[in-house]
Amino acid sequence: QVQLVESGGGLVQAGGSLRLSCAAVEGTFNKYAMGWFRQAPGKEREFVAALNWSGSNIVYADAVKGRFTLSRDNSKSTVYLQMSSLKPEDTCVYFCAADLWGSGSRNPSEYDYWGQGTQVTVSS
């Protein structure tokens, strides 16, 4: 079992940058593929990015490709989502998730553990 703690959210102007972190407490971090998802009020949770246990396979949603960069540091049990060129439509609660022995899926139902979420607000 793993507990996920997100941080790094906040308020930023359009065109700015933020880096989200997701730290895993307990569990063996390198057993897990990690993903980021986001959800706006009244909308379904949507995929943002995911990577496998080693970080050698990374996938992005089309909406963030070229602007967001996902990485992980297994020595620190942490995954990072660097977000650049932010747009008002990126405003959401961002969640990280862990998929035991996964490969980095776009499907939220494949993830076993979820963080509590961190709010990102992009002002125009």
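The structure presented is a predicted model; accordingly, all values stated were derived computationally and were not measured.

A. Layout of the overall build of the protein chain. Along the protein chain, the regular secondary structure elements total 0 helices and 11 strands. Its helices and strands taken in sequence order, the protein chain reads β-β-β-β-β-β-β-β-β-β-β from the N to the C terminus. For the protein chain, whose C-alpha radius of gyration is 13 Å, the value lies close to the compact-globule estimate of 14 Å for 124 residues. The principal-axis extent of the C-alpha atoms belonging to the protein chain is close to 40 × 30 × 25 Å. Evaluated residue by residue, the protein chain yields a buried proportion of 45% over its 124 residues.

B. Region of interest: the sheet that holds strand β1 (residues 3-7). Spatially, β1-β3-β8-β7 is the arrangement adopted by the 4 strands of the open sheet, whose pairing is antiparallel. Edge positions in the sheet fall to β1 and β7 (68-73), since each has one partner strand and no second. The sheet shows a mean angle of 15° between the axes of neighbouring strands, taken without regard to direction.

C. Focus on the pattern of salt bridges. Counting across every chain of the model gives 4 salt bridges. The residue Arg38 makes a salt bridge to Asp90 at a minimum N-O spacing of 2.9 Å. Of this pair, Arg38 sits in strand β4 (residues 32-39) while Asp90 sits in the loop between β8 (78-83) and β9 (92-100); the two residues are 52 residues apart in sequence, bridging distant segments of the chain. With a relative accessible area of 1%, Asp90 lands in the buried category. It is possible to trace a salt-bridge network through shared partners that takes in Arg38, Glu46, Arg67 and Asp90.

Parameters and conventions
- Residues numbered from 1 in each chain as written.
- Predicted model: local features only at pLDDT ≥ 70, side-chain atom pairs only at ≥ 80, totals over all residues.
- Heavy atoms only, no water.
- Helix = DSSP H or I, 4+ residues; strand = E, 2+ residues; numbered from the N terminus.
- Rg over C-alpha atoms; globule rule 2.2 N^0.38 Å.
- Buried < 20%, exposed > 50% of the residue type's maximum accessible area, 1.4 Å probe, protein only.
- Pairing = 2+ DSSP bridges.
- Axes fitted to C-alpha atoms, helices over the stretch in contact; angles between N-to-C directions.
- Salt bridge = Lys/Arg side-chain N within 4 Å of Asp/Glu carboxyl O.

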